[in-house]
Amino acid sequence: MIKDLTEGKVESVLWRFSLPMFGSVIFQQLYSMADSVIAGQFAGEDALAAVGASFPITMIFMAIAVGCNVGCAVVISQLFGAKRYGEMKTAVSTTLVASCVLAAVLTVVGLVTSAPLMRLIQTPQNIFADGELYLRIYIGGFLFLFLYNIATGIFQSLGDSKTPLYFLIGSSVGNILLDLLFVAGFHWDVAGVAWATFIAQGAACLLALVTLLRRLRAVETDEPVRHFSLQMLSRVGRFAVPSVLQQSFVSVGNIFLQGLINGYGSSAVAGYSAAVKLNTFAITCLTTLSNGLSSFAAQNIGAGKRERVGRGLRMGVLMGVIVTAPFFLCFFFAGEGMIRLFLNEGSAQAFSTGEQFLRVVAPFYFVIGAKLMIDGVLRGAGAMLQFMTSTFTDLLLRVLLAFALAGAFGLVGIWWSWPIGWAVSAVLSAVFYLCGSWKRSATPLK
């Protein structure tokens, strides 16, 4: 249900709001990982590598969806906190219309460029055809993915973190069952993995949109509501465009890294694919908590209750530490066992590559967790320049160091680019917060 995050004890409000979001991302990542697990276990190492090889490209499309999610969430949260419900509804409607148009354009572009993009990242020839097939089916369902992410962001902006959880549980269970049916049962291999995701995501999207529109109709307002407003689109765009650029640049950076790793052969790609799925699981959990803190900050700023934001950040950092600890313990001390979840039989190089990656990055989850919580406040306050500066610094360092260190240290040099980038960007985010730059952006709505 819709919930005001500007009232009540900060710690209790954040926990109640964030726990369903955390549950949502657990299920979301489980069904994302299920694609790789089932591909590796039932279709073999090459199938896992094919799914993994297209992962950085699929993340570009996901990045655009997430960036739009973040942009609209800040505006809608602030309008909801200020109790300007007519403008809030206009913002929601405008965002949905613009998202449909953008998603349709990107789907066409993606289908046309899927093969060139796979060649760009130097996908090994033995997995190229399967990798391209997976990518084309994934892009075909991008409209569902895009609108589902937008709907989830709107629910969270309105203080409702439970409804997206229910949809994700159903979608995750359905995706895993379809994976087993299509891959283990029908032996569709990589195509089966892609179609399972397509169907599960489509069902979740349609149910989320229907529920969202019903909830919004129940919100009474004396103000006129417009289905589309260029002025509101411009306001949303001021937050969405920087977020899309930030998310997209990170994904483009990952494409360069994937191309670098692809040069070490399909066994290295398979090991990295398994490890990066686990890494993405951890980082996405932390990012979700950061998004929740962003909605909390934006609502309170919209209501003129800026003093609650600092208390929210302290609680957010504590929540990040609690979430990070299990990932660190599992990945650092049991990395090979985690990789074996994805590979039933594989080369020694695949297992050692994945384990090595996890042991290098896992200790630094505490660092990136703190950075992401601070970023949540910067984003919620509308301090997008500071947020983007910190994130781009991480990306630039990660890519440059990966290429520089690979020549001297091989794969382990590439792995070390992650924690170095995280550490430097975390310092930047902390400096921006402590200097109070976010407060200058955190002006309540007039």
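Residues numbered from 1 in each chain as written. Predicted model: local features only at pLDDT ≥ 70, side-chain atom pairs only at ≥ 80, totals over all residues. Heavy atoms only, no water.

### Remarks on the nonpolar core
If you look at the biggest cluster of nonpolar residues, it comprises 139 residues, and the most contacted ones within it are Phe146, Ile154, Phe331, Tyr365, Ile414, Trp415 and Trp418. Tallying contributions element by element places helix α10 (residues 266-302) first for this core, with 18 residues. In this structure, tyrosine 365 is in contact with Asn279, Ala282, Ile283, Leu286, Thr324, Phe327, Phe328, Phe331 and Trp422, ignoring residues within four places of it in sequence. (Core = buried A, V, L, I, M, F, W, Y, C linked by side-chain atoms within 4.5 Å. Buried < 20%, exposed > 50% of the residue type's maximum accessible area, 1.4 Å probe, protein only. Helix = DSSP H or I, 4+ residues; strand = E, 2+ residues; numbered from the N terminus. Contact = heavy atoms within 4.5 Å.)

### As for the packing of aromatic side chains
Under the counting rule described, the total for this entry stands at 24 aromatic pairs. Aromatic pair phenylalanine 142 and phenylalanine 146: ring centres 5.5 Å apart, planes at 90 degrees, arrangement edge-to-face. With phenylalanine 142 and phenylalanine 146 both in helix α6 (residues 142-157) and four residues apart, the pair spans about one turn of that helix. As far as the burial class goes, phenylalanine 142 and phenylalanine 146 line up, both buried. With 6.1 Å between their ring centres and 75 degrees between their planes, phenylalanine 331 and tyrosine 365 make a pair best called edge-to-face. Taken together, the residues phenylalanine 331 in helix α11 (residues 307-333) and tyrosine 365 in helix α14 (residues 365-380) connect sequence positions 34 residues apart. (Phe/Tyr/Trp six-rings, centres within 6.5 Å; stacked < 30°, edge-to-face > 60°.)

### Some thoughts on the side chain of arginine 398
Relative to the helices and strands, arginine 398 resides in helix α15 (residues 384-409). Apart from residues lying up to four places away in sequence, arginine 398 is in contact with Asn254, Leu257, Ser417, Trp418 and Trp422.

### Thoughts on a nonpolar patch on the surface
A contiguous nonpolar surface patch, about 570 Å² in accessible area, is contributed by Phe42, Tyr166, Ile169, Val173, Leu177 and Leu180. Of the residues forming the nonpolar patch, the biggest block, five residues, is contributed by helix α7 (residues 162-185). Along the chain, leucine 177 falls in helix α7. Under the relative-accessibility criterion, leucine 177 is labelled exposed at 54%. (Patch = residues over 30% accessible without salt bridge, like charges linked within 9 Å, V, L, I, M, F, W, Y side chains within 5 Å. Areas by Shrake-Rupley, 256 points an atom, 1.4 Å probe, with all protein chains shown as cover. Salt bridge = Lys/Arg side-chain N within 4 Å of Asp/Glu carboxyl O.)

### With respect to the packing of helix α9 (residues 230-262) against α15
In contact at an axis separation of 10 Å, α9 and α15 are set at 5 degrees when each is read in the N-to-C sense. Taken together, the axes of α9 and α15 are roughly parallel relative to one another. When its residues are assigned to classes, the contact of α9 with α15 shows 17 nonpolar, five polar and two charged. (Axes fitted to C-alpha atoms, helices over the stretch in contact; angles between N-to-C directions. Parallel < 35°, antiparallel > 145°, perpendicular 65-115°, else oblique. Nonpolar A, V, L, I, M, F, W, Y, C, P; charged D, E, K, R; others polar.)

### Thoughts on α10
Taking 1.5 Å of rise per residue, the 37 residues of α10 would be expected to cover 54 Å, and the 50 Å separating its terminal C-alpha atoms lies within 8% of that figure. Positive backbone phi, at 80 degrees, marks glycine 304, one or two positions downstream of α10. (Expected span 1.5 Å × (residues − 1).)

### Topic: the confidence of the model for the protein
Mean pLDDT over the protein stands at 85; residues scoring 70 or higher make up 95%. Here helix α17 (residues 437-441) is the element of the protein with the lowest mean pLDDT, 68, and helix α16 (residues 411-434) is the one with the highest, 95. (pLDDT = per-residue confidence, 0-100.)

### Brief notes about the environment of alanine 402
Tracing the backbone shows alanine 402 in helix α15. Relative accessible area serves as the criterion here: at 0%, alanine 402 is assigned to the buried category. Between the C-alpha atom of alanine 402 and that of alanine 325, which follows or precedes it by 77 residues, the distance is 26 Å. Discounting residues that sit within four places of it in the chain, alanine 402 has contacts with Leu257, Leu260, Leu397, Ile414 and Ser417.

### Some remarks on unusual backbone geometry
Positive phi, close to 60 degrees, is recorded for histidine 187, a residue that is not glycine. By the secondary structure assignment, histidine 187 is in the loop between α7 and α8 (189-217). You can call histidine 187 exposed: its relative accessible area is 57%. The phi dihedral of aspartate 189 is positive, around 55 degrees, even though this residue is not glycine. Summarising the element assignment, aspartate 189 is placed in helix α8. For aspartate 189, a relative accessible area of 34% corresponds to the partly exposed category.

### Considering the packing of α11 against α14
The geometry of α11 relative to α14 is characterised by a closest axis approach of 8 Å and an angle of 150 degrees between their N-to-C directions. Taken as axis vectors, α11 and α14 run roughly antiparallel relative to one another. As for how α11 packs across α14, the hand of that crossing is right-handed. For the pair α11 and α14, contact is made by Val309, Leu313, Gly316, Val317, Val321, Thr324, Ala325, Phe327, Phe328 and Phe331 and by Tyr365, Phe366, Met373, Ile374 and Val377, respectively. A per-class count over the contact of α11 with α14 returns 13 nonpolar, two polar and no charged. (Left-handed = near helix turned anticlockwise from the far one by under 90°.)

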